[in-house]
Amino acid sequence: MNYITIDELPRHIGEDVRLRGWVRRFRSSGKISFLVLRDGTGEVQCVFVKNEVSEETWAGLEDASHEACVSVAGLVRADDRAPSGVELTATGFELLGASAEYPIQPKEHGVDFLLEKRHLWLRSARQIAIMRVRDEVIRAIHDFLHDDGFTHVDTPILTGAIGESAGTLFETEYFDHGKAYLAQTGQLYVEAAAAALGKVYCFGPTFRAEKSKTRRHLTEFWMVEPEAAWMDSDQNMDLQERFVSSIIQRVVLKQREQLEALDRDVSKLEAIVAPFDRMSYSDAVDLLQKQGSDIEWGSDLGAAHEAQLVEGREKPLFVYDYPKGAKAFYMKENPDDPRTVKCDDMLAPEGYGEVIGGSQREDDYDKLLSRIREEGLPEDTYDWYLDLRRHGTFTHSGFGLGVERLVTWICGLDHLRETIAFPRMMTRITP
Ligand code: NSS
């Protein structure tokens, strides 16, 4: 008999089938045993009745320990009480891979222990739900951008130039060329590609040697970075709000079951529909000061300031046009106020903080060069980047959306570490 998968069971009611998977739970009264089997497509309860199965099968159930890999044969029955609508009246059992003393028990474990056992922790229902949501987010990202006319371009992970800030670089020796760095961003490269293709995006792992142990920072995270010719800062925000609304509404539509399994209040996500409010950095500082904050114009907003600004809001808030000194060298000087640059951060509601950072890019050769000099960046490694301003410079903008931050918000988690299968943090490199 061929194996089928658990999600196929409803099509086989009244038939004898064979399944394989892992033992989620097992309990026995001595006369009747219940084995909950999972196989990656779902879960089903398999019922063994002592008097109705062979002695050999009944004895074999001794091996049905937590997370053992097993095969079960039986008759598929419709069962309204079962979450999947079916149950298996089991007739056969075979052990495929034993599991003795499975380390993760159905009790509360500390998160450090669970991270140590991350390779096994992934099998839990909650982690499976998060991985499914993440997968939907990633598909939604690609679909939205392709439907909107963007072309996917892969950018290098080993790079010669500093993308964001010198403080958070992972370095390595690169043959006779001195130091190479793990990419903090693909942005400089998608800017080059935008001059070839118009609307482009890169989507890959990015690396930051963040010496912070916050719940919002990983050292390796995935970022999608759209970049488009002719797009100015306002249009950049238009794109960001359409993008984020579309991803979230698709997850709500397609993964509602997983969100409910995570106890996420889905109505909060249903409210995330474009447009989002926009506030200039200067107005944000005024507001914070009025509310008693000692923040001064010129300094970057911290997590606490961000939380204060979105307090009571249902939707994300854009804060735009930050002071030059608080932001990266490539952002376009604001013609209306040269102390500031044309950029935006998208702050998520419910305290999830910044999920997007974006900007219009400096397209003036002289201004860009002087910013590179002011920041003390190695001019020669940016020569190719300056070429984009020497040869047909153009208005363009883009942004970076951190996948783990978005998934944390969508799933309603309190830490980024559960949103990626194998998180990389300052304090951990295994498993
Ligand atoms: O540093 S960013 O604000 N912007 C950039 O890297 C630009 N080069 C993007 C662009 O314009 N193409 O990072 C963008 C987003 C930020 O809003 C977060 O969502 C996420 O990337 N991010 C992180 N996620 C997890 N961990 C860390 N350490 C992290 N740093 C940024």
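Note that the structure is a prediction, hence the values are computed from the model and not measured.

Caption draft 1: Inspection of unusual backbone geometry at higher detail. Omega for the bond connecting Ala274 with Pro275 falls within 30 degrees of zero, at 0 degrees, which places this linkage in the cis form. Looking at the element boundaries, Pro275 is found in the loop between helix H8 (266–270) and strand E12 (277–280). Residue Pro431 is reached from Thr430 by a cis peptide bond, and omega for that bond is -5 degrees. Along the chain, Pro431 turns up in the segment after helix H13 (403–411).

Caption draft 2: Up close: the site of the ligand. Lining the immediate environment of the ligand, one finds 23 residues, of which Glu164, Gln187, Arg208, Glu225 and Glu354 sit closest. Here a nitrogen atom of the ligand sits 2.7 Å away from a polar atom, N or O, in the side chain of Gln187. Gly357 places a polar main-chain atom, nitrogen or oxygen, 3.4 Å from an oxygen atom of the ligand. Broken down by secondary-structure element, the contributors of at least two residues to the shell around the ligand are strand E11 (220–229), strand E15 (353–360) and strand E16 (396–402). Its residues assigned to classes, the shell around the ligand shows eight nonpolar, seven polar and eight charged.

Caption draft 3: Geometry of the confidence of the model for the protein chain. Looking at the protein chain, the pLDDT average stands at 96 and 100% of residues meet or exceed 70. Within the protein chain, the element-level pLDDT minimum falls on strand E9 (residues 179–182), averaging 95, and the maximum on E16, averaging 99.

Caption draft 4: Summary view of the pattern of salt bridges. What the rule picks out here adds up to 38 salt bridges. Note that Glu8 is salt-bridged to Arg11, the shortest N-O span being 3.9 Å. Assessed through its relative accessible area of 25%, Glu8 is described here as partly exposed. For Arg11, a relative accessible area of 61% translates into the label exposed. Close ionic contact of Asp265 with Lys268 constitutes a salt bridge, the shortest N to O distance being 3.5 Å. One salt-bridge network, held together by shared partners, links Glu191, Glu227, Arg361 and Arg389.

Caption draft 5: Region of the structure containing the packing of aromatic side chains. Enumeration over the complete set of coordinates arrives at 14 aromatic pairs. When the centroid spacing of 6.3 Å and the interplanar angle of 75 degrees are considered together, the rings of Phe48 and Phe93 count as edge-to-face. You can see Phe48 sitting in strand E3 (residues 43–49) and its partner Phe93 sitting in strand E5 (residues 86–97), a full 45 residues away along the chain. Per residue, the accessibility class of Phe48 equals that of Phe93, and both read buried. Measuring from centroid to centroid gives 6.2 Å for Phe203 and Trp222, while their planes differ by 80 degrees, and the two rings are edge-to-face. With Phe203 in strand E10 (residues 199–207) and Trp222 in strand E11, this pair connects stretches of sequence that are 19 residues apart. Look at Phe203 and you get buried, because its relative accessible area is 10%. Cluster of aromatic residues (ring-pair linked, three or more members): Tyr189, Phe329, Tyr330, Tyr382, Trp384 and Tyr385. Above the plane of the ring of Tyr3 lies Arg18, whose end atom (NZ or CZ) is 4.2 Å from the centre.

Each value, and the rule that gives it
- Residues numbered from 1 in each chain as written.
- Predicted model: local features only at pLDDT ≥ 70, side-chain atom pairs only at ≥ 80, totals over all residues.
- Heavy atoms only, no water.
- Helix = DSSP H or I, 4+ residues; strand = E, 2+ residues; numbered from the N terminus.
- Near = heavy atom within 4 Å.
- Polar contact = N/O pair within 3.5 Å; in protein donor to acceptor, adjacent residues only side chain to side chain.
- Nonpolar A, V, L, I, M, F, W, Y, C, P; charged D, E, K, R; others polar.
- pLDDT = per-residue confidence, 0-100.
- Salt bridge = Lys/Arg side-chain N within 4 Å of Asp/Glu carboxyl O.
- Buried < 20%, exposed > 50% of the residue type's maximum accessible area, 1.4 Å probe, protein only.
- Phe/Tyr/Trp six-rings, centres within 6.5 Å; stacked < 30°, edge-to-face > 60°.
- Lys NZ or Arg CZ within 6 Å of the ring centre and 35° of its normal.

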